[in-house]
Amino acid sequence: MTDALVMGQRPGLFDRLAQQPADALLAIIGLVNADPREDKIDLGVGVYKDAAGNTPILRAVKAAEKILLDTQETKTYLGSEGDVRFVALMKEMAFGAARARDERIVGLQTPGGCGALRLGAELIKATGSDARIFVGQPTWPNHVPLIGSVGLPFVDYPYYDKAAKAVTFDRMMDALEDAKAGDVVLLHGCCHNPTGADLSLDQWKAIAALVSERGLVPFIDFAYQGLGHGLEADAEGARLVVDAAEQALVAHSNDKNFGLYRERTGSLFVKGADAEQAKVIASNLTVMARTSWSMPPDHGAAIVRVVLDTPELAADWHAELKEMCARIRSLRSRIAASDPRLAYVEEQNGMFSMLPLSAEAITDLRTTESIYLAGSGRFNVAGLSDHNVDRFAAAVAKRL
Ligand SMILES: Cc1ncc(COP(=O)(O)O)c(C=O)c1O
């Protein structure tokens, strides 16, 4: 028998793999690229864009890269925790100066917010408990696949009513009544993706009370700190809930607030019941990082560290972050002013909002108006610019 025949008959390792569907949001990129119309508006992918429609490298980031190029002397391994100074800076950014000294909270650098979510999920799984993950609907489409990939079970809670254009807080709290001690509640720290609708401070307080009373474990996805109302204001709710909880997880990302997307810059923080337990948690996280990506990519974290440790660069970054926020706020105000039915857009935060449009209307926006948004009605506010925001608002209003 020839080798070819034997190979044809023998089952191959990969024969049983099934084709996977393409990512729906990435598919929109293909549609936008294939559209020849010059006035097309791409509101699909979730990256910040400036008034010219570009996603530029921030000035402070470029300056830090120059410093690194000139002064970095080695690329030797750092260790599974990543850049320890970066992690300390992020602990302070996420939790504030006082909690940054709290030994019950331990952290390590991860490949972006996704790496932090994944590692957090693995830590929960490793406890061997029967914890369930309570997840708001709608949520970021990658949450359930990413956290679920380690085999954790989910329970939905209603978060937002698209038609009513509002957070369904009472229904959310009712659903959380079913959570038992040790169950995990996934929350968006700020700038909710995909809706832009955040909890009010009073609502955060109510969740903090529930978490503390019932022994629930908040898992806060904090991917947009600073893009809502500023670094401190955006952290208020998350800090209240972490304070109230005996144990908690926070997945933090700098990919949006430093515009570092592909550099994969994030960190995971976990609060243990006491400093001793936190040490055990830290040792588990280190082993888990070591046995998955071994060490996180360095460049993004090194940039963030250099920016924040260089006063002029830190000041410039703060100014750039404010500029991004102000641009998003001004676009939100223009949309809100265009039609009373869109007034809600102004009250929301971050890059995203969700339009109460039917699937047909979303397809019609693409084909007739060259306006591209996600099938859920989510659109990236920052994808608009001064010269097309009115055309966008009018096209949407016609289809509401
Ligand atoms: C809600 C949410 N969480 C986490 C992430 C992951 O961020 P990163 O690119 O840092 O992995 C994103 C990115 O789009 C996000 O929108």
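Everything numeric in this text was worked out from a predicted model, so none of it was measured. (Residues numbered from 1 in each chain as written. Predicted model: local features only at pLDDT ≥ 70, side-chain atom pairs only at ≥ 80, totals over all residues.)

S.K.: Would you explain the overall build of the protein in this entry?
M.R.: A count of helices and strands for the protein gives 14 helices and 13 strands. The globule rule puts the C-alpha radius of gyration for 400 residues at 21 Å, and the 22 Å found for the protein is close to it. Overall, the protein is about 75 × 60 × 55 Å in size when its C-alpha atoms are taken along their principal axes. Going through the 400 residues of the protein one by one, you find that 44% of them count as buried. Here the contacts in the protein between residues at least 6 apart in sequence split such that 75% fall between residues at least 24 apart. (Helix = DSSP H or I, 4+ residues; strand = E, 2+ residues; numbered from the N terminus. Rg over C-alpha atoms; globule rule 2.2 N^0.38 Å. Buried ≥ 20, exposed ≤ 12 C-beta atoms within 10 Å, placed from the backbone. Contact = placed C-beta atoms within 7 Å.)

S.K.: For this particular structure, what's the right way to read the pairing of strand β2 (residues 105-111)?
M.R.: A regular strand carries its side chains on alternate faces of the sheet. Across the seven residues that make up β2, a large majority, seven, are buried. Burial along β2 is two-sided: Ile105, Gly107, Gln109 and Pro111 facing one way and Val106, Leu108 and Thr110 facing the other are all buried. With seven bridges joining them, β2 and strand β10 (residues 265-271) adopt antiparallel strand pairing. Looking at the pairing, Ile105 lines up with Lys271 of β10. (Pairing = 2+ DSSP bridges.)

S.K.: Explain the site of the ligand to me, please; I cannot follow it from the model alone.
M.R.: Lining the immediate surroundings of the ligand are Gly46, Gly112, Gly113, Cys114, Trp140, Asn193, Asp221, Ala223, Ser253, Asp255 and Gly266. Here the shell around the ligand takes three residues from helix α5 (residues 112-126), the largest share from any one element. Here the residues of the shell around the ligand sort into three nonpolar, six polar and two charged. (Near = placed C-beta within 6 Å. Nonpolar A, V, L, I, M, F, W, Y, C, P; charged D, E, K, R; others polar.)

S.K.: Help me out: how do you make sense of the pairing of strand β9 (residues 248-253) in this one?
M.R.: Burial runs high along β9: six of the six residues are buried. By the alternation rule, side chains of β9 split into Ala248, Val250 and His252 and Leu249, Ala251 and Ser253, which are all buried. For the segment spanning strand β8 (residues 217-222), helix α9 (residues 231-244) and β9, crossover handedness is right-handed. Two strands pair when backbone bridges link them, and β9 and β10 are joined in this way by six bridges, in the antiparallel orientation. Within β10, the residue paired with His252 across the bridge is Ser267. (Right-handed = clockwise from strand over helix to strand, strands pointing away.)

S.K.: How should I be thinking about the nonpolar core in this particular structure?
M.R.: Soluble, globular proteins show a tendency: their nonpolar side chains are buried together. Counting residues in each nonpolar core, the largest one holds 105 residues, and the members touching the most others are Phe134, Val184, Val185, Val250, Leu268, Ile303 and Val307. Built from parts of two domains, this core gets at least three residues from each of domain 1 (22-57 + 313-399) and domain 2 (77-309). Leu268 has contacts with Gly107, Leu108, Thr110, Ala116, Leu119, Gly120, Leu249, Ala251 and Leu285, leaving out every residue within four places of it along the chain. (Core = buried A, V, L, I, M, F, W, Y, C linked by C-beta atoms within 7 Å. Domains from an automatic or database assignment.)

S.K.: What's the story with the sheet that holds strand β4 (residues 154-158) in this structure? I'm lost.
M.R.: Across a sheet, strands are paired by hydrogen bonds formed along the backbone, either parallel or antiparallel in direction. Strand order in the open sheet made by the seven strands is β2-β10-β9-β8-β7-β3-β4, with mixed pairing throughout. Looking at strand neighbours, the two that pair on one side only are β2 and β4, the edges of this open sheet. If you compare each strand with its neighbour and ignore which way they point, the axes differ by 25 degrees on average. Relative to β9, β8 runs parallel, the two sharing four bridges. Looking across to β9, one finds that Asp221 is bridged to Ala251. Set on the sheet, helix α7 (residues 169-176) makes contact with β3 (133-137), β4 and β7 (184-188); between it and β4 the angle comes to about 150 degrees. (Axes fitted to C-alpha atoms, helices over the stretch in contact; angles between N-to-C directions.)

S.K.: Quick question: what am I supposed to make of helix α12 (residues 311-338) here?
M.R.: Along an α-helix, a turn takes 3.6 residues, which lines up residues three or four apart on a common side. Taking 1.5 Å as the rise per residue, α12 with 28 residues should run 40 Å; its terminal C-alpha atoms sit 41 Å apart, in good agreement. Turning to α12, its buried residues are Leu313, Trp317, Leu321, Met324, Ile328, Leu331, Arg332 and Ile335. In this fold, the buried residues of α12 make contact with α3 (59-71), α11 (299-309) and α14 (389-399). (Expected span 1.5 Å × (residues − 1).)

Purely spatial values, then, with no claim about function.
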